[in-house]
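Remarks on the overall topology
Residues per chain, in single letters:
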Amino acid sequence: MNNPLMSGRMRATLVVVGLVLLFAVPSFTRNEYVLALGVSFATFAVLSGGLNLVYGYAGLLSFAQVGFFGVGAYAAALLVTDANWPVWAGALAGAVLAALMGLGVGYSSLRLSRHAFAIVTLSFALLCMIVSRDWVSLTRGAMGIPGLAVPQFSFPGGLSWRLNKPADFYYLLLGLAVACQAVIYAVVTSRIGRALKAVKMNEPLAQSQGINPLRYKLMAVTLSAFMTGLMGGFFVFYLTIVDPSIFDFYYTETMLIMVILGGAGSFWGVLFSSAILTLLPDMLRFTTDLRMVLYGFILILAMLVFPGGIGGWFERRRIERWRKVPYGGRGTP
Amino acid sequence: MTKKLRMLATSFASIVLAAASLSAAAQSGAPIVIGSSIPLTGGVSTFGQHSRWGSELAIAEANAAGGVLGRKIEMDFQDNRCNPAEAVKSVTQMIADKKYVAIFDGLCSSVALAIMPLIERAEIPFVVANASATSIAEKSGVGGNKWTFKVNPTDASMLDALAGWLEKDGKAGSIAFLGEDTDFGRAGSAGLEAALKKRNRKLTDVDFYQKGTADFSNVLAKIKSKKPQLLALYAIDADFQNLMRQWYSAGGGVPLTGRVLVDQVPKEIMASGFLDGTTSVQPYDPSIDTPGNKTFVEAFTKKNGTPPILVSFESYEATRILIDAIKRAGNTDHAAIRDALAKTRYQSILGGAPLEFDANNLLHNNAAILGIKGGKVVVLGFSKT
Amino acid sequence: MDISFLIQLLLNGLVIGVIYALIAMGLSLIFGVLEIVNFAHGEFYMLGAVAAYFLTTNLSIGYWPTIALVTVGAAAVGYILYELLLSSLRGEGFERSILLTLGLSMVLQNGAVFLFTTTPKMMLSPLTYSNVIMGDVRMPVLRLFALGLGIAAFIALYLILYRTQVGKAMRGVSQNREAAMMVGIDPRAVSRLAVAIGIGLSGLAGAALAPIYAVHPLMGFSFVFKAFAIIIIGGLGNVSGAAIAAIALGVLESLIGGFLPTVMVDGLAFTAMILILLIRPQGLFGRGVRV
């Protein structure tokens, strides 16, 4: 949805400036923690962006995202470690595999009710974790695959880029995140995005207008699966280890919080909340014992104060200004 | 709505204040600080808690004895949720903070493995107290990660000792295995298989349960119906408590072995003599009778209201080893501490010869073979790991 | 194959299933009437168990009074919870409810860790190890009590939903919120009661199981996902559907665990859930607070 506070031109300028600044960060600071935060932000931006596409735009509450993340991660790790593939090919293969799984999960369960779909995706994610832990001959089981190789990209013309510094991963993952967000933005502002919103708001009506809901929902699921798998495929090389914890509920929880706090269906809101929520848990580290209690409290407060998330809040302000009547004032329901 | 919000906001603010004051109270002077990364929340938070308690006791004792290099010593604990991504983020922060002389524990194997490249690049010593994966030591020391030091013995070596003992006793016939479905349990079955294979035997039945399972009645009934000679258990924490109760309720009938937590058996079950004949191999048991251990158990129980477990002991000893190394280094330079660690000769509270790090930066404590006789834990023997 | 082994498995499964049912019924009721997911549901189960532990161990209150106290206390907590957090949701707060209850579960779980530590606590009473023995089949007495409590709770819920005005109101709101409002049902009062009952059931489950299993702050976490799956498979908002699905799951897990490696139990259970939903997307029994 449009940000009410600025024109399209100004917004574009801000985006460009923001990107330049983000990419310039490693030149200004050698503080590896800042870079680690950047990596985390980039990864979660894509994770939550993907979930936003599926949930915020298509209206499908999906717990499968973490499954696609881990599938991409494991596929990349295994292909690189066991079959000596270059990292970019492994990650790409992981993304494709994740997309295929998304297609499978989507095709079989999108005909179901919203709630059944949610549970099927939940079971899918849980099954992924179980398989990664128990199919020991394939995935090395609970031990995981430690000591993943340092990625090296070879470009035609003899140039090569060895990612052995945190700054390298920062650039790579940030670049990927920007690309993915650009794709998401293009999709949601296009006809596809409008179709998705129509389907989410009133599926029978959308259908009657000639929109095939299944096709659009499937598109959303598969695309988000691909991007999520791609990020997973590269992220594990930053961690240097992949193990079943890549399927932890921790990722799902974080993604959900980012999307809902950002405002499901709000592109910029979710992006913004990804940034905030990457920083927030670490800002709360001043207390070891009560960190998570405070975090929970903040979530509760945020939901009471911003019912529609950040995006929803901006939406309300936009409508307010348009109406020039205070929303929720006397006489309004 | 406003009133409710205000109420919530007030309680939130008071928690923030309480939390801030808790942490503020812990700061003072120019202390030496170690950074510990442990799972304080999530599925293995019990271990995180015990690791913290063990470390805190060692720190408190060091400070009571005059501190280290004339300064107070402190430990900061950061939660890693047993997740490598969280751990990388938080340890990177600790390293960037530049105030930590060493990084401690990790606790979960995958977390320790993820931290290893970080501390190598930052050239900060990393002391692993509890993670059990063999690959940690394999990748450390000569020809590998020179900054990582592992203090606990590998499962493989301990199980080898146990298998040897069982064979000597004539008991290594048909052994069934039940363990938790994690790297800990899987390492257990792999280690036991390897140890038995050396002696031309194997496990007759291997099964795993999901961590957090409360109900074992079916799997226990299944095991009993197959009538193995021994049942090797790799269970910890609440799962172990539930297992013991349900095993007792089911009437038992098969002696237990493996890594049975003989120190955590419910008292009434122990006292009934039901578990007599159990054998277990552990790097630690609170009942090991040395003056050092007695003092430790007493001090720990008094401070925390519950006796120490294996994890508390390992963190305690590893912290003491680290503190000792800092003292011997004479300063807080990372490289000096690393070198001092490599030259460690540490007298464990369990007695025995002074312990040293080997070429893979692994410290070989002894493993105790424990048994239960007459409703009490007895030490059947020690074995060098 | 040993027939008594099979009977033992079925009996074990039944008891576990009834426990699942206690937790799932409350979740289903809350979902049916308020249309929200309660991610903190497992935490109330845990709190019920912790409360039962303290009442019994520190205050020496007997088994049955403890159960009564904890259930009533949990219902009161549910009432307060509704007033405090959920009353503002009003029917379109699905996303908000996810985050609210997720935050609540974080607060409760980590607060419990902070206050009680993670060390598991076992309740001990003269009944702990008493078994009822019928031939080769043994059933611990405390489990039979839990089974009985579950059945009693189900009957009580049935009576409330079908024999009282307020129960009818709950079913009405669950089937069609707007229509219910139009006939003068106050959704707020009904929702409040639904939450109170739902949390009360969760607390009851905790109190019933505290004497049987180890009590620790994380004990609720593993039930939550299964509970969600159960209420969808049972049919949304269909309380008895949830109960039946829960028992079926308990028995299924028990049978799988009895004949196949335990490590496969969860995997097969989730696969079964997926298959059921693919075949019958509206759940086994369809929608509606029917009993």
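Comments concerning the overall build of chain B
When helices and strands are counted, chain B shows 13 helices and twelve strands. Relative to the globule expectation of 21 Å for 385 residues, the C-alpha radius of gyration of chain B, 22 Å, shows essentially globular dimensions. When each of the 385 residues of chain B is scored for burial, the buried share is 57%. Look at the contacts in chain B between residues 6 or more apart in sequence, and 66% of them connect residues 24 or more apart.

Digging into the nonpolar core
One finds A:L173, B:I115, B:V127, C:A24, C:A49, C:L204 and C:I230 to be the most contacted residues of the largest nonpolar core, which totals 350 residues. For this core, the element with the highest residue contribution is helix α1 (residues 3–34) of chain C, accounting for 17 residues. Two domains each put at least three residues into this core: domain 1 (30–153 + 291–365) and domain 2 (155–282) of chain B. The residues touching C:I230, leaving out its near neighbours within four places in the chain, are C:Y20, C:A24, C:A242, C:A245, C:A246 and C:L249.

Focus: the interface of chain C and chain A
Contacts between chain C and chain A engage 31 residues on the former and 33 residues on the latter. Those elements that place two or more of their residues in the side of chain C that touches chain A are α4 (94–116), α9 (221–234) and α11 (265–279) of chain C. In terms of residues, the side of chain C that touches chain A owes the most to one element, α4(C), which gives 13 residues. Classifying every residue of the side of chain C that touches chain A by side-chain character gives 21 nonpolar, seven polar and three charged.

Considering the interface of chain A and chain B
Taken together, the contacts link 36 residues of chain A with 37 residues of chain B. For the side of chain A that touches chain B, the secondary structure elements donating two or more residues are α2 (32–57), α5 (114–134) and α13 (291–305) of chain A. In terms of residues, the side of chain A that touches chain B owes the most to one element, α13(A), which gives nine residues. Here the side of chain A that touches chain B is composed, by residue class, of 18 nonpolar, nine polar and nine charged.

Quick word on unusual backbone geometry
All names here are of chain B. Positioned with a positive phi, R81 is a non-glycine residue whose angle comes to about 55 degrees. The topology assignment puts R81 in the loop between β2 (73–79) and α3 (84–97). Look at K98: it is not a glycine, yet its phi comes out positive at around 60 degrees.

Quick notes on the sheet that holds strand β10 (residues 279–282) of chain B
Residues and elements named next belong to chain B. Strand order in the open sheet made by the three strands is β10-β11-β12, with antiparallel pairing throughout. Edge positions in the sheet fall to β10 and β12 (376–384), since each has one partner strand and no second. Mean inter-strand twist for the sheet, computed between neighbouring axes without regard to direction, equals 25 degrees. Examined bridge by bridge, β10 and strand β11 (residues 366–373) share four bridges and lie antiparallel to one another. Paired with Q282 across the bridge in β11 is A368.

Structural notes on the domain arrangement of chain B
Accessible area lost during the coming together of the parts is what is often quoted as the interface size. Residues and elements named next belong to chain B. Under the domain assignment used here, chain B contains domain 1 (30–153 + 291–365) and domain 2 (155–282). Each of domain 1 and domain 2 was reduced to a C-alpha centroid, and the two centroids are 29 Å apart. Each side of the interface is counted separately: domain 1 has nine residues, and domain 2 has 13 residues. Residues of the side of domain 1 that touches domain 2, tallied by class, amount to four nonpolar, five polar and no charged.

Observations concerning helix α8 (residues 191–201) of chain A
Along an α-helix, residues three or four positions apart point the same way, because every turn accommodates 3.6 residues. All names here are of chain A. Listing the buried residues of α8 in full gives G193, A195, L196, V199 and K200. One side of α8 holds all its buried residues, which, seen down the axis, span an arc of 160 degrees. With respect to the buried face of α8, the exposed residues turned more than 90 degrees away are R191 and M201. Residues of α8 that are buried sit in contact with α2, α7 (166–188), α9 (203–208) and α10 (213–239).

Considerations on the pairing of strand β7 (residues 203–209) of chain B
Residue and element names in this part refer to chain B. Where strand β6 (residues 175–180) lies against β7, six bridges are found, and the strand directions are parallel. Among the inter-strand pairings, I175 is bridged to a residue of β7, identified as L203. Tracing the backbone out of β6, into helix α7 (residues 183–198) and back to the parallel element β7 gives a crossover that is right-handed.

Cut-offs and rules
Residues numbered from 1 in each chain as written. Chains lettered and ligands numbered in written order. Predicted model: local features only at pLDDT ≥ 70, side-chain atom pairs only at ≥ 80, totals over all residues. Helix = DSSP H or I, 4+ residues; strand = E, 2+ residues; numbered from the N terminus. Rg over C-alpha atoms; globule rule 2.2 N^0.38 Å. Buried ≥ 20, exposed ≤ 12 C-beta atoms within 10 Å, placed from the backbone. Contact = placed C-beta atoms within 7 Å. Core = buried A, V, L, I, M, F, W, Y, C linked by C-beta atoms within 7 Å. Domains from an automatic or database assignment. Nonpolar A, V, L, I, M, F, W, Y, C, P; charged D, E, K, R; others polar. Pairing = 2+ DSSP bridges. Axes fitted to C-alpha atoms, helices over the stretch in contact; angles between N-to-C directions. Arc of directions from axis to C-beta. Right-handed = clockwise from strand over helix to strand, strands pointing away.

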